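Observations on the three-dimensional arrangement
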Amino acid sequence: DGGITQSPKYLFRKEGQNVTLSCEQNLNHDAMYWYRQDPGQGLRLIYYSQIVNDFQKGDIAEGYSVSREKKESFPLTVTSAQKNPTAFYLCASSIGAAGVTDTQYFGPGTRLTVL
Amino acid sequence: GNSVTQMEGPVTLSEEAFLTINCTYTATGYPSLFWYVQYPGEGLQLLLKATKADDKGSNKGFEATYRKETTSFHLEKGSVQVSDSAVYFCALSDLNQAGTALIFGKGTTLSVSS
């Protein structure tokens, strides 16, 4: 089955630690995205990548970092510089081709809690 | 810039009631419009979409029509079920900016009781 997987489903972090959230897709999509979801605030874009070895900051990139070394993988690192990292993190992917409807497909999410 | 505004919830209905969740948008270019649904503790699932004016998206009894004249994409269902309880997000993407993020509304929580 084609789709997007995120791991782990739940993640606990101590203050001052960096943690990495995994996102893998086998849809052969060029574009991948990371969103953060907080109660009552909808989804906010952290980073996105339109192609391997390239990525762009979104609206709330401070305290986060990403890499895109392979087409199918787009891991997100939450660094100790992120002041309030407790949230639900969603990864998505899309074809990313200009001129066609670019539907995004989402993974099941990772819930990060800072202890 | 592009934006999406959807009605605030929560929306509370009895089973078999009629549902409308309003969504309006502001966009330059040629947006595609989407409704996503999120069940508790899960990611977002695409519910339906429309890519040009007057298109109607439909799925699982839900419908929405892309109205360019009123810049709206309201979600409707004739008879809701308890299993429809979820958060619904309206979103748009610009056809000429593929590979950039969707613009989401803040979400509307629907609660259906039996």
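Look above for the structure.
What comes next concerns the included structure. (Residues numbered from 1 in each chain as written. Chains lettered and ligands numbered in written order. Predicted model: local features only at pLDDT ≥ 70, side-chain atom pairs only at ≥ 80, totals over all residues. Heavy atoms only, no water.)

Turning next to the interface of chain A and chain B. In this complex, chain A contributes 25 residues to the contact, which on the side of chain B involves 22 residues. Of the roughly 1800 Å² buried between chain A and chain B, counting both surfaces, carbon and sulfur atoms make up 58%. One can count 0 salt bridges joining chain A with chain B. At the level of elements, strand 4 (31-37), strand 5 (43-51) and strand 9 (87-94) of chain A are the ones that each hand at least two residues to the side of chain A that touches chain B. Considered class by class, the residues forming the side of chain A that touches chain B number 13 nonpolar, 10 polar and 2 charged. (Contact = heavy atoms within 4.5 Å. Buried area = accessible area lost by both parts, 1.4 Å probe. Salt bridge = Lys/Arg side-chain N within 4 Å of Asp/Glu carboxyl O. Helix = DSSP H or I, 4+ residues; strand = E, 2+ residues; numbered from the N terminus. Nonpolar A, V, L, I, M, F, W, Y, C, P; charged D, E, K, R; others polar.)

This part takes up the pattern of salt bridges. All names here are of chain A. Counted under the stated rule, the structure contains 6 salt bridges over all chains. Taking the shortest distance from any N to any O, the salt bridge between Arg36 and Asp38 comes out at 2.8 Å. A salt bridge links Asp38 to Arg44, with the nearest nitrogen and oxygen atoms 2.8 Å apart. Beyond isolated ion pairs, a larger network of salt bridges with shared partners links Arg36, Asp38 and Arg44.

What follows concerns a nonpolar patch on the surface. On the surface, a cluster of nonpolar side chains totalling about 390 Å² of accessible area is made up of Tyr10(A), Phe12(A) and Leu115(A). By the element assignment, Leu115(A) lies in the segment after strand 11 (110-114). (Patch = residues over 30% accessible without salt bridge, like charges linked within 9 Å, V, L, I, M, F, W, Y side chains within 5 Å. Areas by Shrake-Rupley, 256 points an atom, 1.4 Å probe, with all protein chains shown as cover.)

The subject of this paragraph is the sheet that holds strand 8 (residues 62-65) of chain B. All names here are of chain B. Read from one edge to the other, the open sheet built from 4 strands follows the order 3-9-8-7, with strand pairing classed as antiparallel. This sheet does not close on itself; its edge strands, each paired only once, are strand 3 (19-21) and strand 7 (56-59). Sheet twist, expressed as the average angle between the axes of neighbouring strands with direction ignored, equals 15°. Taken together, the 3 bridges between strand 8 and strand 9 (residues 75-77) define a ladder with antiparallel strand orientation. By the bridge assignment, Ala64 is partnered in strand 9 with Leu75. (Pairing = 2+ DSSP bridges. Axes fitted to C-alpha atoms, helices over the stretch in contact; angles between N-to-C directions.)

Residue and element names in this part refer to chain B. Secondary-structure assignment places Thr28 in the loop between strand 4 (23-26) and strand 5 (31-38). A relative accessible area of 56% places Thr28 in the exposed class. In this structure the C-alpha to C-alpha distance between Thr28 and Lys106, which are 78 residues apart in sequence, comes to 20 Å. Beyond its immediate chain neighbours, meaning those up to four positions away, Thr28 contacts Asn2 and Asp94. (Buried < 20%, exposed > 50% of the residue type's maximum accessible area, 1.4 Å probe, protein only.)

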